Amino acid sequence: MNSRPVPLIPAGLRAFLVRVPFLVPAVRFLRRGPLARDRNLLITLIVLTLTIAVLSARVSAEWFSPALMIPIILVGGLQLRLRSLAKLLCAIVVGLVYVGVTGGFGYIGPGMLAAFGFTSVLAAVMARTRGKLGVQGLRGDVMLLELRDRLKKQSELPPLPKDWGAKVVLKQAGGSSFGGDFLVSLRDGDTVELALVDVSGKGVDAGTRALMLSGTFGGLLGSVDAFLPACNAYLHRQREAEGFVTAVHVRLNLATGEYVITSAGHPPVVTFEAGTGTWRVSPAKGVVLGVVPDLHCEPDQGMLRKGDALMLYTDGLIEQPGRDIDAGLDRLLGEAERLLPSGFSGGARNLVTSMSAGHNDDCALVLIWRP
């Protein structure tokens, strides 16, 4: 059954408009065009600005202070286009001049003028940024929060059987929500694939590229047999090089404990062997992603037995200014010995905190073990 469309103007209001014909063009003007919301808000803010100016000059400058126009400027910076904001600022200037001429310039001192100037510049910057993004209000911040939550969710390992344990720790430079280190993972039956990726740079500067690559690498993971060569081919096709990208890929069989490690310029994976109580550095190696058209990786294979563990990490844990990277790796393995008394799960974050102390860089650590 077809339903009747809901009229835009209620019947009672239409009857009133018929009696007052000059209101019909006004209503149509306010509803016309894709920028009707911007235009209507501009008219509202200008009327509110002039009303405050008149009340301040004619009634009371204490109750209706000209400073009430400052929140209007901020609303305009958050909601109006830059051109509309310029018109609003012109109305603000007219209102201030009217208050000064009618009520005396004593109401408007240098401090208030400085506040108006600073607020106007801030509003113009916000409007210009929003104009480039094509969003209104705080929608741009909401989009960034959604992207951050998606990246965090993607960096979570899939649920593992009860006879397996895993821990992921990501620490971004400067306490930022974005960084150049990210993890993509996938579980298909008894097979788990995960890739730890490090984009050059740190913090927000590398976060935008990491967001783009996380979606690309996440789509390739599990879809191709040669994961790192496929990632390398994608990056090599990019015309503009934006720094280097390193990655390490692990394919693990949860039923047997067998694993295959491939690396592309990434710090070596280390495995803990419970039988000997020592950490072993994986010999898997390869060239940084995107440098050569055909990537050749030397894989490393092995098996995790009861009590064994795999540890993946980024160079933020072992690189320090003025120190050799091998010395950083030795220090990491030494600090990893502290994981044994408290267990892998409880000691992973302590290990990241200890290794990242004294320098500001993105850090990531992934631990997988068999209890």
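Nothing here was measured: the structure is a model prediction, and the numbers come from that model.

Caption draft 1: Here's a closer look at a nonpolar patch on the surface. A cluster of nonpolar side chains, namely Leu74, Phe118 and Leu122, defines an oily patch on the protein surface of about 290 Å² accessible area. Considering the arrangement of structural elements, one finds Phe118 in helix α6 (residues 110-133).

Caption draft 2: Representation of the pairing of strand β3 (residues 191-199) within the structure. Most of β3 sits inside the fold, with eight of its nine residues counted as buried. Count of turn residues in the strand β2 (residues 181-188)/β3 antiparallel hairpin: two residues, of which Gly189 carries a positive phi of about 70°. Bridging between β3 and strand β4 (residues 245-253) involves nine bridges; their strand directions are antiparallel. Bridged to Leu194 within β4 is Val250.

Caption draft 3: The sheet that holds strand β6 (residues 270-273), seen in detail. Read from one edge of the open sheet, five strands run β1-β10-β9-β6-β7, paired in antiparallel fashion. The open sheet is flanked by β1 (165-171) and β7 (278-281), the only strands paired with a single partner. Strand-to-strand twist across the sheet, computed as the mean angle between neighbouring axes with direction ignored, equals 15°. In this structure, β6 lies alongside strand β9 (residues 309-313), joined through three bridges in antiparallel fashion. Within β9, the position partnered with Phe272 by the bridge is Ala309. Lying on the sheet, helix α12 (residues 344-356) is in contact with β1, β6, β7, β9 and β10 (363-369); it crosses β10 at an angle near 155°.

Caption draft 4: Local environment of the pattern of salt bridges. Taken as a whole and judged by the stated rule, the model has three salt bridges. Between Glu193 and Arg251 there is a salt bridge, with the nearest N and O atoms lying 3.4 Å from each other. Placement of the pair is Glu193 in strand β3 and Arg251 in strand β4, with a sequence separation of 58 residues. The class for Arg251 is partly exposed, based on a relative accessible area of 27%. Of the charged contacts, one joins Arg280 and Glu273 as a salt bridge, the two residues approaching to 3.5 Å between their closest N and O atoms. A relative accessible area of 30% places Glu273 in the partly exposed class. A cluster of three or more residues bridged by salt bridges with shared partners is formed by Glu273, Arg280 and Asp300.

Caption draft 5: Inspection of the packing of aromatic side chains at higher detail. Scanning all chains against the criterion turns up three aromatic pairs. A centroid spacing of 5.2 Å and a plane angle of 55° characterise the contact between Phe272 and Trp279, whose relative ring orientation is tilted. With a relative accessible area of 11%, Trp279 lands in the buried category. Joined through ring pairs, the aromatic side chains of Phe182, Phe217 and Phe227 make up one cluster.

Caption draft 6: Structural detail: the side chain of Thr49. Within the secondary structure layout, Thr49 lies in helix α3 (residues 36-58). Of note is the side chain of Thr49, whose polar atom sits 2.8 Å from the backbone oxygen of Leu45. When near neighbours in sequence (up to four residues on either side) are disregarded, Thr49 contacts Met69, Ile72, Leu88, Ala91 and Ile92.

Caption draft 7: Focus on the confidence of the model for the chain. With 77% of its residues at a pLDDT of 70 or more, the chain has an overall mean of 80. At the low end of the mean pLDDT range in the chain sits helix α2 (residues 23-31), at 52; at the high end sits strand β5 (residues 258-264), at 93.

Caption draft 8: Quick look at helix α9 (residues 227-237). Listed in full, the buried residues belonging to α9 are Phe227, Leu228, Cys231, Asn232, Tyr234 and Leu235. Angularly, the buried residues of α9 cover 160° about the axis, an arc narrow enough to put them on a single face.

Caption draft 9: Region of interest: the nonpolar core. In terms of nonpolar packing, the biggest core is built from 22 residues, with Trp279, Met311, Tyr313, Leu317, Leu332 and Leu365 touching the most fellow members. Mapped by element, the contributors of at least two residues to this core are β6, β9, α10 (325-336), α12 and β10. When residues of this core are assigned to their parent elements, the largest contribution, five residues, is made by α12. Contacts of Tyr313, omitting those with residues within four sequence positions, involve Leu196, His266, Pro267, Pro268, Val270, Ile318, Leu329, Leu332, Ala364 and Leu365. Among the nonpolar cores identified, the runner-up in size contains 21 residues, and Val184, Ala195, Phe217 and Cys297 belong to it.

Reading the values: the criteria
- Residues numbered from 1 in each chain as written.
- Predicted model: local features only at pLDDT ≥ 70, side-chain atom pairs only at ≥ 80, totals over all residues.
- Heavy atoms only, no water.
- Patch = residues over 30% accessible without salt bridge, like charges linked within 9 Å, V, L, I, M, F, W, Y side chains within 5 Å.
- Areas by Shrake-Rupley, 256 points an atom, 1.4 Å probe, with all protein chains shown as cover.
- Salt bridge = Lys/Arg side-chain N within 4 Å of Asp/Glu carboxyl O.
- Helix = DSSP H or I, 4+ residues; strand = E, 2+ residues; numbered from the N terminus.
- Buried < 20%, exposed > 50% of the residue type's maximum accessible area, 1.4 Å probe, protein only.
- Pairing = 2+ DSSP bridges.
- Axes fitted to C-alpha atoms, helices over the stretch in contact; angles between N-to-C directions.
- Contact = heavy atoms within 4.5 Å.
- Phe/Tyr/Trp six-rings, centres within 6.5 Å; stacked < 30°, edge-to-face > 60°.
- Polar contact = N/O pair within 3.5 Å; in protein donor to acceptor, adjacent residues only side chain to side chain.
- pLDDT = per-residue confidence, 0-100.
- Arc of directions from axis to C-beta.
- Core = buried A, V, L, I, M, F, W, Y, C linked by side-chain atoms within 4.5 Å.

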